[in-house]
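# Structural overview for review
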Amino acid sequence: MVGDAPRASLDLAELAPSLERRADGIWFARQQAPVSYPEDGNAACLAVEDDSFWFRHRNRCIASAVRRFAPQDVLLDIGGGNGYVARGLTEAGIACALLEPGIDGALAARARGVDPVICARLEDIGMASGSVSAAGMFDVLEHIEDEAGALQEVHALLRPGGHLFLTVPAYAFLHSADDVAAGHFRRYTLRSLTRALVDNGFRPTYATYVFAPLPPFVLLLRTLPSVLRLRRPVDAEVQSSEHVRQGLSARIVDQLLDIEARRIEAGGSIAFGSSCLAVYIKD
């Protein structure tokens, strides 16, 4: 476990008896199926997460939202990748379990001290309805073609009054070759995200954009080159150079993001940004 981790836990043997716990401490579903995510996506993220301004700022904003609507017990991080968010939430005093279909991500999360880790898709774990009081989908929903089906699965999993925390990429006009390479089916506005959640039994309680300084950079460095067919397929070197920034521009962006994070921590919202962060309640 990570540091002095919260004691709340999920009894997976009782809640999801079809899962099997293996020697490495990871729980597996009997059925495995592909997802819309690059095969090397978790490895590429793992290479930059610890030094990335983007992952660091997103974690700070997520943690502030989760703390404000404190879960009664464990938050299930659905599609939690390498465990970067789950570890951050655990360090912030929030008990987490992680669900990740990719074995490389599940292994990385376990190595980061996240426990329990389930290697499976949500629809394959066979967890009883009403099993958790909170769930997170942090840059996950855009990877799922059957958006309504996924939200209905999460709705069933949550207890009445349970919270769903989400982040998703913002604005269809920022769509680029990077979205295609990442396996994104869509980008959102706060309005379109809330419409999708309300249509599937959730009530909005908080919503904001994040990364307000980034849309011009995304537009100039990703979207327009993609439209002009000048953007090459994403590789690890490009991803690293975009996530680990130095110099004056990096310091300015860091200062702007710090102001943004402090506003979100105070319960405020941001009117514009390259991502959405929202909290919904199961009616």
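Residues numbered from 1 in each chain as written. Predicted model: local features only at pLDDT ≥ 70, side-chain atom pairs only at ≥ 80, totals over all residues. Heavy atoms only, no water.

Another aspect to go through is the overall build of the protein. Looking only at helices and strands, the protein features eleven helices and nine strands. Radius of gyration (C-alpha) of the protein: 18 Å, near the 19 Å computed for a compact globule of 283 residues. Principal-axis analysis of the C-alpha atoms places the extent of the protein at approximately 50 × 35 × 35 Å. Looking at the 283 residues of the protein, the share that counts as buried comes to 54%. Expressed as a percentage of contacts within the protein between residues at least 6 apart in sequence, the contacts between residues at least 24 apart total 77%. (Helix = DSSP H or I, 4+ residues; strand = E, 2+ residues; numbered from the N terminus. Rg over C-alpha atoms; globule rule 2.2 N^0.38 Å. Buried < 20%, exposed > 50% of the residue type's maximum accessible area, 1.4 Å probe, protein only. Contact = heavy atoms within 4.5 Å.)

Once that is clear, we can look at the pairing of strand S4 (residues 96-99). Side chains of S4 alternate between two faces, with Cys96 and Leu98 and Ala97 and Leu99 buried alike. Taken together, the four bridges between strand S3 (residues 75-78) and S4 define a ladder with parallel strand orientation. Considered in S4, the bridge of Ile78 is made with Leu99. Tracing the backbone out of S3, into helix H4 (residues 84-91) and back to the parallel element S4 gives a crossover that is right-handed. Strand direction decides the pairing type here: S4 and strand S5 (residues 117-119), joined by two bridges, are parallel. Bridge pairing in S5 places Leu99 opposite Ile118. After leaving S4, the chain enters helix H5 (residues 103-111) and then returns to the sheet as S5, a path that is right-handed. (Pairing = 2+ DSSP bridges. Right-handed = clockwise from strand over helix to strand, strands pointing away.)

Moving on: helix H6 (residues 147-157). All of the buried residues in H6 are Glu147, Gly149, Ala150, Leu151, Val154, His155 and Leu157. Along its buried surface, H6 packs onto S3, strand S6 (132-138), strand S7 (158-169), helix H8 (190-198), strand S8 (202-210) and strand S9 (275-282).

On to the environment of Thr194, then. With respect to the secondary-structure elements, Thr194 resides in helix H8. For Thr194 and Ala29, which are 165 residues apart along the polypeptide, the C-alpha to C-alpha distance reads 31 Å. Ignoring anything within four residues of it in the chain, the contact list for Thr194 reads Pro204 and Tyr280. Among the polar contacts made by the side chain of Thr194, one reaches the side chain of Tyr280 at a distance of 2.8 Å. (Polar contact = N/O pair within 3.5 Å; in protein donor to acceptor, adjacent residues only side chain to side chain.)

The next point concerns the sheet that holds S7. Across the sheet, which stays open at both edges, the nine strands sit in the order S1-S2-S5-S4-S3-S6-S7-S9-S8 with mixed pairing between neighbours. Two strands close off the open sheet at either side, each with one partner strand: strand S1 (20-21) and S8. Sheet analysis places S3 next to S6, joined by three bridges and oriented parallel. Paired with Leu75 across the bridge in S6 is Ala134. Each of S1, strand S2 (26-28), S4 and S5 touches H5; the most contacted strand, S5, lies at about 170° to it. This element, H6, spans S3, S6, S7, S8 and S9 of the sheet and lies at about 145° to S7. (Axes fitted to C-alpha atoms, helices over the stretch in contact; angles between N-to-C directions.)

When two helices pack together, you describe them by how their axes are tilted relative to each other and by the distance separating the axes. Put simply, helix H3 (residues 53-68) and H4 touch, their axes get as near as 10 Å, and they point 50° apart. Between H3 and H4, the interaxial angle falls into the category oblique. The element H3 and its partner H4 pack so that their crossing is right-handed. Along its contact with H3, which presents Phe55, Arg56, Arg58, Asn59, Ile62, Ala63 and Val66, the element H4 presents Tyr84, Val85, Gly88 and Leu89. When the residues that make up the contact of H3 with H4 are grouped by side-chain class, the tally is seven nonpolar, two polar and two charged. (Parallel < 35°, antiparallel > 145°, perpendicular 65-115°, else oblique. Left-handed = near helix turned anticlockwise from the far one by under 90°. Nonpolar A, V, L, I, M, F, W, Y, C, P; charged D, E, K, R; others polar.)

Read these as spatial facts, not as claims about activity.
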